[in-house]
Amino acid sequence: MSRVIPGVDGPFPVLQVALDYIEIERAIRLAHEAVAGGADWIEAGTPLIKSEGFEAVRKLRSAFPHHVIIADLKTMDAGRIEFEAAANAGATIAVVLAAASDATISQCVEVGYKYGLKTYCDTINYPDYRFAERVMEISRLGVDFIGVHMPIDDQMRGQDPLARLKAARSATDLPLAVAGGVTSETAPDMLKAGASIIIVGGALHKASDARRAAMNLKQAMTTGIPEASAIGHRSTSGNIKEILLRTSSSNLSDAMHHKPCLANIHPRTPGLRMAGPAQTVRSCPGDWNKVVQAIDQTPSGGVLVVDCGGVTPAVFGELAAHSAKNRGLGGVVIHGAIRDSDVSTRIGLPIFSSSVCSNAGEPKGFGEIGTEIIINGQAVRPGDWIFGDDDGVMVLPKEQAVEYANRALDVMEMEQRLSAEILSGKSLAEVVNLKKWEKH
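Keep in mind that what you see is a predicted model, and the values were worked out from it rather than measured.

Trainee: I keep staring at the overall build of the protein and nothing clicks. Help me out?
Mentor: A count of helices and strands for the protein gives 18 helices and 18 strands. A principal-axis box enclosing the C-alpha atoms of the protein has dimensions of 85 × 50 × 50 Å. For the protein, the proportion of contacts with a sequence separation of at least 24, taken over those separated by at least 6, is 74%.

Trainee: Even after reading the chapter, I still don't get the pairing of strand E7 (residues 176–179), so can you show me in this structure?
Mentor: Put simply, side chains in a regular strand alternate between the two faces of the sheet. Side chains Leu176 and Val178 of E7 all project onto a buried face; the interleaved residues Ala177 and Ala179 project onto the opposite face, where all are buried too. Note that E7 and strand E8 (residues 197–200) share 2 bridges and pair parallel. Each bridged residue has a counterpart across the sheet, and for Ala177 the counterpart in E8 is Ile197. Since E7 and E8 lie parallel, the crossover through helix H9 (residues 187–192) that links them has a hand, and here it is right-handed.

Trainee: In this structure, what is going on with the sheet that holds strand E1 (residues 14–19)? I would like to understand it.
Mentor: The strands that make up a sheet are held in pairs by hydrogen bonds between backbone atoms, and each pair lies either parallel or antiparallel. Spatial ordering of the closed barrel is given by E1-E2-E3-E4-E5-E6-E7-E8, a layout of 8 strands whose pairing is parallel. Between one strand axis and the next, the sheet turns through 25° on average, direction left out of account. As paired strands, strand E2 (residues 41–44) and strand E3 (residues 68–75) are joined by 4 bridges and run parallel to one another. Within the sheet, the bridge partner assigned to Glu43 lies in E3 and is Ile70.

Trainee: Even after reading the chapter, I still don't get the pairing of strand E17 (residues 385–389), so can you show me in this structure?
Mentor: Most of E17 sits out of view: 5 of its 5 residues are buried. Neither face of E17 is exposed, since Trp385, Phe387 and Asp389 on one face and Ile386 and Gly388 on the opposite face are all buried. Two strands pair when backbone bridges link them, and strand E10 (residues 274–282) and E17 are joined in this way by 4 bridges, in the antiparallel orientation. Bridging from a neighbouring strand, Ala275 pairs with Phe387 of E17. Where E17 and strand E18 (residues 392–396) come together, 5 bridges link them in antiparallel fashion. Looking at E18, one finds that Gly388 is bridged to Val393. In this structure, the hairpin formed by E17 and E18 is closed by a connection of 2 residues.

Trainee: Would you mind going over the packing of helix H1 (residues 24–36) against helix H11 (residues 210–223) with me for this structure?
Mentor: The relative placement of two packed helices comes down to the angle between their axes together with the axis-to-axis distance. It is at 7 Å that the axes of H1 and H11 come closest, and there the two elements cross at 40°. The orientation of H1 with respect to H11, classified from their angle, is oblique. Classified by chirality, the crossing of H11 by H1 is right-handed. Contacts from Leu30, Glu33, Ala34 and Ala36 of H1 reach H11 at Ala210, Arg211 and Ala214. For the contact of H1 with H11, a count of residues per class yields 5 nonpolar, no polar and 2 charged.

Trainee: Explain the pattern of salt bridges here, please?
Mentor: Side chains carrying opposite charge are able to pair once their charged atoms draw close together. The final tally for this structure, using the stated rule, is 25 salt bridges. Here Glu368 and Arg282 are joined by a salt bridge, their closest N and O atoms 2.6 Å apart. Pair noted here: Glu368 is in strand E14 (residues 368–369) and Arg282 is in strand E10, with a separation of 86 residues, a long-range link. On the accessibility criterion, Glu368 (40% relative accessible area) is partly exposed. By relative accessible area, Arg282 is classed as partly exposed at 31%. Put simply, Asp102, Arg130, Glu133, Arg134 and Glu137 are held in one network by salt bridges that share partners.

Trainee: Mind showing me how you'd approach the side chain of Ser344 here?
Mentor: Here Ser344 is to be found in helix H16 (residues 341–347). A relative accessible area of 2% places Ser344 in the buried class. Contacts of Ser344, omitting those with residues within four sequence positions, involve Thr269, Leu272, Ala321, Leu349 and Ile351.

Trainee: Whenever I open this one, helix H4 (residues 79–89) confuses me. Can you help?
Mentor: Residues three or four positions apart in an α-helix share a direction because the helix packs 3.6 residues into each turn. Turning to H4, its buried residues are Gly79, Phe83, Ala86, Ala87 and Ala89. Looking down the long axis of H4, one finds its buried residues gathered within 165° of arc, a one-sided arrangement. Exposed residues lying more than 90 degrees from the buried face of H4 are Ile81 and Asn88. Of the surrounding secondary structure, the elements contacted by the buried residues of H4 are helix H3 (55–63), E3, strand E4 (93–97), helix H5 (102–115) and strand E5 (118–122).

Rules behind the numbers
Residues numbered from 1 in each chain as written. Predicted model: local features only at pLDDT ≥ 70, side-chain atom pairs only at ≥ 80, totals over all residues. Heavy atoms only, no water. Helix = DSSP H or I, 4+ residues; strand = E, 2+ residues; numbered from the N terminus. Contact = heavy atoms within 4.5 Å. Buried < 20%, exposed > 50% of the residue type's maximum accessible area, 1.4 Å probe, protein only. Pairing = 2+ DSSP bridges. Right-handed = clockwise from strand over helix to strand, strands pointing away. Axes fitted to C-alpha atoms, helices over the stretch in contact; angles between N-to-C directions. Parallel < 35°, antiparallel > 145°, perpendicular 65-115°, else oblique. Left-handed = near helix turned anticlockwise from the far one by under 90°. Nonpolar A, V, L, I, M, F, W, Y, C, P; charged D, E, K, R; others polar. Salt bridge = Lys/Arg side-chain N within 4 Å of Asp/Glu carboxyl O. Arc of directions from axis to C-beta.

If you want it as structure tokens, here you go:
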């Protein structure tokens, strides 16, 4: 007996899977998994349409002849042309932006009446100061659905769509769709705030088992009780460390446009990882006076970062390690030499340095605490976030720490899905379709 497929006019709520891939083959594989888990509507995401064109819609229609197919065009102009093309390709719903002119939106609606294509108006990035007013305006233009959408780049800065969803619900009676980092943990809140359509991208296309993830989402939507999600937890200013420690320096490098780690700084305590805000010290080679003083001035969980020229003799050893551990430091980075590295390993204090030697310097007292330092070309300021693991040490500017922590987590979650596809028998080159994306 086949599963009943909800029609485009309900019953609501429905789960919509957003296929935000750039390869149609991967998108269709994910769609099959999501539908098997209970996803109702299938969206050809904007990246997929930009990559594959309307052929993506045609292929989805062929693979899922009885499902609602959404073409996420994000139309801003030429509404008639784009919506006619979507209808002819087999879409059930197409997307125009609320930021488009009334004339463009009206053209989309007219095409919809002619071709039986529903019009979804996406309010993504519409200014807050007249958001509710615009929702009322587009409702009067005859659209069928209104979408509340938090952009991925804003999600990376810790934002979610809930407040705008509530504002939209107060301004219209039309069915509302919500997108922007929704998971099985947050979907019930979105429904309570007035959503009829739950659009989920990352929580499905980053899941190693998208079928199971879709089942959890449908369960949460049906019962109104949040279901635990392994995907989509976002950092705020209060939990940066927690999020960072789920990632790696490689994830951070990828998230920061392949930024390198601190050059010539190596792990001395294998297997120990650290994440915390920097307390900086500038000192002369071998002068450990300010280094030891700074231990007492570093808040619990902070990372002591020292520039003493990258040379010997050592400015940090066994006694300083015990002192730092007692103070609750999260770790130590020395652009210079350390000694007694076995002690730091034994007591669980992550430490990174340029070199190791047996001879210590003298406490002369030159230098500064709490000033910007430069380590092999990279600036480190007090309060910048420091992350270290066996691959090296990364510096996150404090103003962007939340965003980069979230982007690193996003990279890690994406790789989980890639790993699952490779373990199913495919090669990495096949999964990411390297040949297609070669430069010519």
